[in-house]
Structure formats: structure tokens, C-alpha cells
Amino acid sequence: MGLLSFKGGVHPPEKKTLSEDVPLSRAPLPGKVFVFLANHAGVPAKPIVQPGDDVKTGQKIAEAAGFISANLHSPVTGKVVEISKMYHPVLGKPQDAIVIEKTSDDDWELLEPAKSYEEFSRDEIIERIKEAGIVGLGGATFPTHVKLNPPKDKKIDVLIINGAECEPYLTVDYRLMLEMSEKIIRGIRALMKALGVEKAIIGIEDNKPKAIRRMKEAAGDGIEVRVLKTKYPQGAEKQLIYALTKRIVPSGGLPMDVGVVVQNVGTAFAVYEAIELGKPLIERAVTVTGEGVKKPINIVARIGTLASELIELAGGMEANVDRVVFGGPMMGIAVPKIDIPVMKGTSGITVMTKEVVGERESFPCIRCGGCVKACPMYLQPFQLYLYTSNRLYDRAVDEGLMDCMECGSCSYVCPANIDLVKSFKLAKKVYRALKGGAKK
Ligand code: SF4
Ligand code: SF4
């Protein structure tokens, strides 16, 4: 039988060997942290501290400000210096961040009680996950407690755990699976209890045989490890669900529409820490990699640590750097500078050299159909591009623009080097703004 997979997709150079054998280490405590209020999908959190306040590590500093929002906690013990604007790597513009100066080593304020997930009720697990500010750590940063509370008419029967890590270069989920397998499994069991499901499936690509073995050894009753074909974007929710269950999430729909909730392995680990250790989400594992750093690493860093500090820990940058990307090269975002803080969704910092990026002069479309074959969402990217580049946004939307998940597979295969995904991202932004304006 063939490996589990989906239609379309691409296979870019994996580049995981740069960092896959580097065990997780811990970054020194940063002297100053910068915690964005918009650290998650949805409404930015509302600060509950002010300049001059002393805070402990783990103390709540901002509260969820809406249904889709999440709490924030202090990543260090120190003093709040200011709440000021700084460049936000995802939104691409200045946003409010709470700035805290470290004054001592960690003096913790943990969530209580901390005990085995078996001793918590379903509601208590969800409440703890909410209190701890846990969001999807695969990059989407959707608040986890919201996913665990689907409407009554959506019956969930399976939890899918994303261990695919299909994005080139990144190895942080791989290291977590190798080094924290038992703890991830406890986090998965807590999530299963919260959802009331008897079954969980962990999907891992076949380029990670050691992680597959380790997770199989740790799994136990009700948790199955399945091997996926190595292909990008295997870890995208809809593609993962299809590969593992053959269920198709409808256009505009959500995994819960087909009875599924998807969580990432890093999120499961954070759930374990929140429940059994009482730790709110104040740190995460990050891969700092690429040909542009001297010594790629997988490192646990406090939220709000500057990328520049982590790049230093990775030996610093080479001379021929072309760009620094928050995330991996396919779905990550190139940032204009490196004094930008790590956020809850920062799974990697990829430093790419000029040789790797290369020159990309683009030409008119030659109608080769390569982008159509590569699109995992069954779209016709060349057609969409025709509309978006001519600002025919309504027609692009009719052709499925909003179903585009911005995976970049079409741009990757295009022999004319057309940056299709860039055009789609911009068109979606403009369309949303136009529609928002129209409503007002
Ligand atoms: S059109 Fe969107 S979903 Fe399809 S390949 Fe391009 S970026 Fe990915
Ligand atoms: S891959 Fe590029 S050249 Fe080929 S059809 Fe698509 S847009 Fe045109």
C-alpha cells in the first residue's frame, strides 16, 4: 500500500540535515522581552499591567479580549518598562508590545493545581488551557481552548496530531517528538479527554523514521501513529485530514465540520506543561537555521526574546545573507530587520543566503499548467493571477481565491518565476479591506 498523502503539492529540498541532529537546548534568560498583545489569531489581548509594575515569571500580564483571543504571561521576572509599538513580523506593521526588563532569575507564578490530567475534569482541562494562553504552535496561533469547545451540533470523533513538519529547514517538532515523546502523549491524552474522543492519530512524514519509532513506542491504547508521504504542504490542516481519514473539509469549512480537531505536537507538549506542571505558555522551541547562520540550533526560548539574540546563539550570520524569514521558506515571512521578538507562533528563524535564494527574474505565463498540478486546493493559480494582477478581485474570489491557503506551491513550480502567492496574499488583504469598508 502507498504512503498516505493528498493531491498536488511539491517536494522542495528538505534542508533538515542542517539542524535535525542538534538536540534542544535552552536559551539564556533575555535581559529584556517584548511581548506583542497580538501574539495569536483573533483579538489582541488587553494589558492588565502598567509601566513600573513588578512581575513574576508566568504572571498574567494581558487578558484575552474576545471569543478568539488568548491570555499572555510574563516570560521573565522583572519590571514592566513600557507598552510601546514595534514591528510585528506577521502583520507587517507596528503593534503594541509589553516591554519587560529582567531584574532577577525566575521567580515563578505557576497555575494551580498542577497534577496528572486524569485528575482534571473535561471542563477543567479546557479552562486550564485557556488560562495558560495556549494557542496552536504550528504557526496558526488559533487559541486552543476555542477549538476544544465546538458547537453542540459538531460531533468530534477523532483528534489529529500534526507531526508532519513539512516546511523545509524546520526541525523543532522533530526534536520535540524525539526528546519529549512521553510528555507529548500525556498532552494528547489531556486533549482527548477535553474533546471526549477515544481516538487520536499522529501523522508523521516518512523522512522522520526515528520520530515515528519514538512516538509509536510512547503512544499506547487509542493513539495511532501513521506514516505520511513526505510532501509539502502535508501538514496543512485540510491535506492532513484527507491523508489520514479521507474526509474532505468543504470550501469555507472547518475541520470540525468533518468531525476532526487538529493540534500540533508542540501544542500537545504545551498542554502537558500547563496541566501537569502549571506552566503558562511563556516559552517555545524554535529552530534557528539556514545556510546563513554558522551553527544551526533547536532552542527553547522565552516569548519576546529578540531574533537577533537567537541568531547570535546560532553562531551569528554569514556575510552573504539575502533574507531572514520568520518560519520556513515556503510559508514564512521575510522580515526587514532582526531585532524582532519571537512570538507564540514562531517555529523557526531561517537565514537564507544569496546563493540559495538566487536571482528570480520573472516572465509572462506560458500556460504550462504546472501551478494547477501543484495546487493542493484544486485551484487554477494562473487564472487567479490573471484576475488578481488586473484587480478583478470579485472574479478571483468566484474562482476560489479565499480557498488559497498561501502555501506557495504554485510559485515554487512556476518556470516563469511568477510570484503567484504574493499576488494572492495581497489580493486577499485588499478584498477583505474593500468588503470591510463596504460594510461600514
Ligand atoms: S493557489 Fe494558493 S493554495 Fe494553490 S498552490 Fe498557490 S498558494 Fe497554494
Ligand atoms: S506555472 Fe507559471 S507559467 Fe505555468 S501556467 Fe502556472 S503561472 Fe503560467
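From a predicted model like this one, the values you see are computed outputs, not experimental measurements.

(A) Structural detail: the domain arrangement of the protein. Here the protein is described as being made up of domain 1 (112-277) and domain 2 (370-439). The straight-line distance from the C-alpha centre of domain 1 to that of domain 2 is 29 Å. In this assembly, domain 1 packs against domain 2 so that about 490 Å² is buried in total across both faces, 52% of it on carbon and sulfur atoms. Looking only at domain 1, the three residues that lose the most surface to domain 2 are Y232, P233 and Q239, adding up to 63% of its buried area. If you look at where domain 1 meets domain 2, you find zero salt bridges. The tally of links from domain 1 across to domain 2 stands at three residue pairs in polar contact (both at pLDDT 80 or more). Looking at the side of domain 1 that touches domain 2, its residues break down into three nonpolar, three polar and one charged.

(B) Local environment of the sheet that holds strand 10 (residues 200-205). Spatially, 11-10-9-12 is the arrangement adopted by the four strands of the open sheet, whose pairing is parallel. Here the strands that pair on one side only, and so sit at the sheet edges, are strand 11 (223-228) and strand 12 (260-264). Here the strands of the sheet are splayed against their neighbours by 25° on average, with no regard to which way each runs. As judged from the five bridges shared by strand 9 (residues 158-162) and strand 12, these two strands associate in the parallel manner. Bridge assignment links V158 to a residue of strand 12, and that residue is V260.

(C) Up close: the pattern of salt bridges. Inspection of every chain in the model, using the stated rule, returns 23 salt bridges. D123 is the salt-bridge partner of R122, the closest N and O atoms lying 3.4 Å from each other. A salt bridge links R302 to E283, with the shortest nitrogen-to-oxygen separation between them at 3.1 Å. Taken together, the residues R302 in strand 14 (residues 297-302) and E283 in strand 13 (residues 283-289) connect sequence positions 19 residues apart.

(D) Quick look at the pairing of strand 9. Counting buried positions along strand 9 gives five out of five residues, so the element sits mostly inside the fold. Across the two faces of strand 9 the burial is the same, with V158, I160 and N162 and L159 and I161 all buried.

(E) Inspection of the environment of A274 at higher detail. Within the fold, A274 resides in helix 7 (residues 265-277). Accessibility expressed as a relative area gives 0% for A274, which makes it buried. Sequence separation of A274 and G370 is 96 residues, and the distance between their C-alpha atoms is 45 Å. If sequence neighbours within four positions are ignored, A274 has contacts with R128, A132, I134 and K279.

(F) Just the environment of M352, in detail. Among the structural elements, M352 can be located in strand 17 (residues 348-353). Taking the relative accessible area as the measure of exposure, M352 reaches 10% and is therefore buried. A C-alpha to C-alpha distance of 40 Å links M352 and P150, two positions 202 residues apart in sequence. When sequence neighbours within four positions are dropped, the list of residues in contact with M352 reads Y169, V321, D322, R323, V325, P329 and V357.

(G) Up close: the UniProt feature "binding site: [4Fe-4S] cluster 2" (unreviewed entry) in the protein. UniProt feature "binding site: [4Fe-4S] cluster 2" (unreviewed entry): in the numbering of this structure it lies at C375, C404, C407 and C410. What stands out for the annotated residues spanning 36 residues is how close their C-alpha atoms remain, the widest pair being 10.6 Å apart. Counting through the fold element by element, C375 comes out in the loop between helix 10 (370-374) and helix 11 (381-389). With a relative accessible area of 9%, C375 lands in the buried category. Apart from residues lying up to four places away in sequence, C375 is in contact with K7, G8 and P381. Its location among the elements puts C410 in helix 13 (residues 409-413). Leave out the neighbours within four places in its chain, and C410 touches C371, P381, L420, V421 and F424.

Reading the values: rules and limits
- Residues numbered from 1 in each chain as written.
- Chains lettered and ligands numbered in written order.
- Predicted model: local features only at pLDDT ≥ 70, side-chain atom pairs only at ≥ 80, totals over all residues.
- Heavy atoms only, no water.
- Domains from an automatic or database assignment.
- Buried area = accessible area lost by both parts, 1.4 Å probe.
- Salt bridge = Lys/Arg side-chain N within 4 Å of Asp/Glu carboxyl O.
- Polar contact = N/O pair within 3.5 Å; in protein donor to acceptor, adjacent residues only side chain to side chain.
- Nonpolar A, V, L, I, M, F, W, Y, C, P; charged D, E, K, R; others polar.
- Pairing = 2+ DSSP bridges.
- Helix = DSSP H or I, 4+ residues; strand = E, 2+ residues; numbered from the N terminus.
- Axes fitted to C-alpha atoms, helices over the stretch in contact; angles between N-to-C directions.
- Buried < 20%, exposed > 50% of the residue type's maximum accessible area, 1.4 Å probe, protein only.
- Contact = heavy atoms within 4.5 Å.
- UniProt positions renumbered as here; feature names shortened; annotations may be inferred.

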